[in-house]
Amino acid sequence: MNKLFTRIAGGISSFTGRPLCFVLALAGIVVWAVSGPAFGFSQTWQLIVNTGTTIVTFLMVFLIQNSQNRDGAAMQAKLDELIRAVDDARAAFIGIEHRTDDEIEEIRAKLERETQDAQERGAGKPGSGSYVDRLIARR
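Because the structure is a prediction, the values reported are computed rather than measured. (Residues numbered from 1 in each chain as written. Predicted model: local features only at pLDDT ≥ 70, side-chain atom pairs only at ≥ 80, totals over all residues. Heavy atoms only, no water.)

Draft legend 1. Focus on the side chain of Asp80. With respect to the helices and strands, the residue Asp80 is situated in helix H3 (residues 43–85). The side chain of Asp80 sits in the buried core without any salt bridge; Arg84 is the nearest counter-charge, 9.5 Å away. In contact with Asp80, not counting residues within four places along its chain, are Ile94, Gly95 and Glu97. (Helix = DSSP H or I, 4+ residues; strand = E, 2+ residues; numbered from the N terminus. Buried < 20%, exposed > 50% of the residue type's maximum accessible area, 1.4 Å probe, protein only. Lys, Arg positive; Asp, Glu negative; His and termini not counted. Salt bridge = Lys/Arg side-chain N within 4 Å of Asp/Glu carboxyl O. Contact = heavy atoms within 4.5 Å.)

Structure (structure tokens):
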């Protein structure tokens with residue numbers, strides 16, 4: 001069941017992210033709007049688009065969340081593997097995504113302070129202010 005849902009959700013997400021899907025949705029709205037005078041802009045005419053868009057939106061929320069969860073987990077696994085594989089990396093960072101927002105913010109702030117301290121000591125490694133400034137200046 002899980003594999004089937006993943007395959008279906010991935011296929012729908014892939015399709016709905018393409019320009020063709022947007023054009024089809026836009027065409028549907030245009031057809032609905034143009035048909036308004038034929039139906040006298042009745043409440044039933046309005047109810048059709050309201051119900052249709054509500055159902056589509058409701059279902060898309062779950063598909064988008066599924067895709068984001070899967071992409072986020074895959075990205076996290078890749079980052080964890082990079083941390084594990086690089087000798088100078090700190091393995092303690094593996095799994096920090098399970099900490100609270102406040103804890104993650106504290107870790108981020110400490111890392112920024114560490115980097116700033118290294119810059120002030122003239123470390124000059126990628127990530128130092130001069131390196132980043134040179135990258136920005138390349139534009």
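Now that the structure is up, let's keep going.
Draft legend 2. Region of the structure containing the packing of helix H1 (residues 2–16) against H3. Where H1 meets H3, the closest approach of the two axes is 9 Å, and the angle between their N-to-C directions is 105°. Taken together, the axis directions place H1 and H3 in an arrangement best described as roughly perpendicular. Note on element contacts: H3 touches H1 through Met60, Leu63, Asn66, Ser67 and Arg70, opposite Phe5, Thr6, Ala9, Gly10, Ile12, Ser13 and Thr16. Its residues assigned to classes, the contact of H1 with H3 comprises 5 nonpolar, 6 polar and 1 charged. (Axes fitted to C-alpha atoms, helices over the stretch in contact; angles between N-to-C directions. Parallel < 35°, antiparallel > 145°, perpendicular 65-115°, else oblique. Nonpolar A, V, L, I, M, F, W, Y, C, P; charged D, E, K, R; others polar.)

Draft legend 3. Highlighting the pattern of salt bridges. Applying the stated criterion across every chain, the model contains 5 salt bridges. The shortest N-O distance in the salt bridge between Glu81 and Arg84 comes to 2.6 Å. Highlighted residues: Glu81 and Arg84, both in helix H3, separated by 3 residues, approximately one helical turn. A relative accessible area of 37% places Glu81 in the partly exposed class.

Draft legend 4. Spotlight on the packing of aromatic side chains. Taken as a whole, this structure holds 3 aromatic pairs when the rule is applied. Ring geometry for Trp32 against Trp45: centres 4.0 Å apart, planes inclined by 5°, an arrangement best described as stacked. Here Trp45 lies in helix H3 and Trp32 lies in helix H2 (residues 19–34), a separation of 13 residues in the sequence. Given the relative accessible area of 8%, Trp45 is considered buried. On the basis of an interplanar angle of 90° and a centroid distance of 5.1 Å, the ring pair of Phe41 and Trp45 is categorised as edge-to-face. Judged by relative accessible area, Phe41 falls into the partly exposed class, the value being 46%. (Phe/Tyr/Trp six-rings, centres within 6.5 Å; stacked < 30°, edge-to-face > 60°.)

Draft legend 5. Here's a closer look at unusual backbone geometry. Its identity is not glycine, yet Phe41 carries a phi of approximately 50°, on the positive side. Turning to its location among the elements, Phe41 is positioned in the loop between H2 and H3.

Draft legend 6. Seen up close, a nonpolar patch on the surface. Together, Phe22, Val23, Leu26, Val30 and Val34 make up an exposed nonpolar region whose accessible area comes to about 490 Å². Inspection of the secondary structure puts Val23 in helix H2. With a relative accessible area of 48%, Val23 lands in the partly exposed category. (Patch = residues over 30% accessible without salt bridge, like charges linked within 9 Å, V, L, I, M, F, W, Y side chains within 5 Å. Areas by Shrake-Rupley, 256 points an atom, 1.4 Å probe, with all protein chains shown as cover.)

Draft legend 7. A look at the packing of H2 against H3. Relative orientation of the contacting elements H2 and H3 amounts to 170°, with a least axis distance of 11 Å. One element, H2, and the other, H3, form an angle in the roughly antiparallel class. Contacts from Ile29, Trp32 and Ala33 in H2 reach Trp45, Gln46 and Val49 in H3. Of the residues in the contact of H2 with H3, the class split is 5 nonpolar, 1 polar and no charged.

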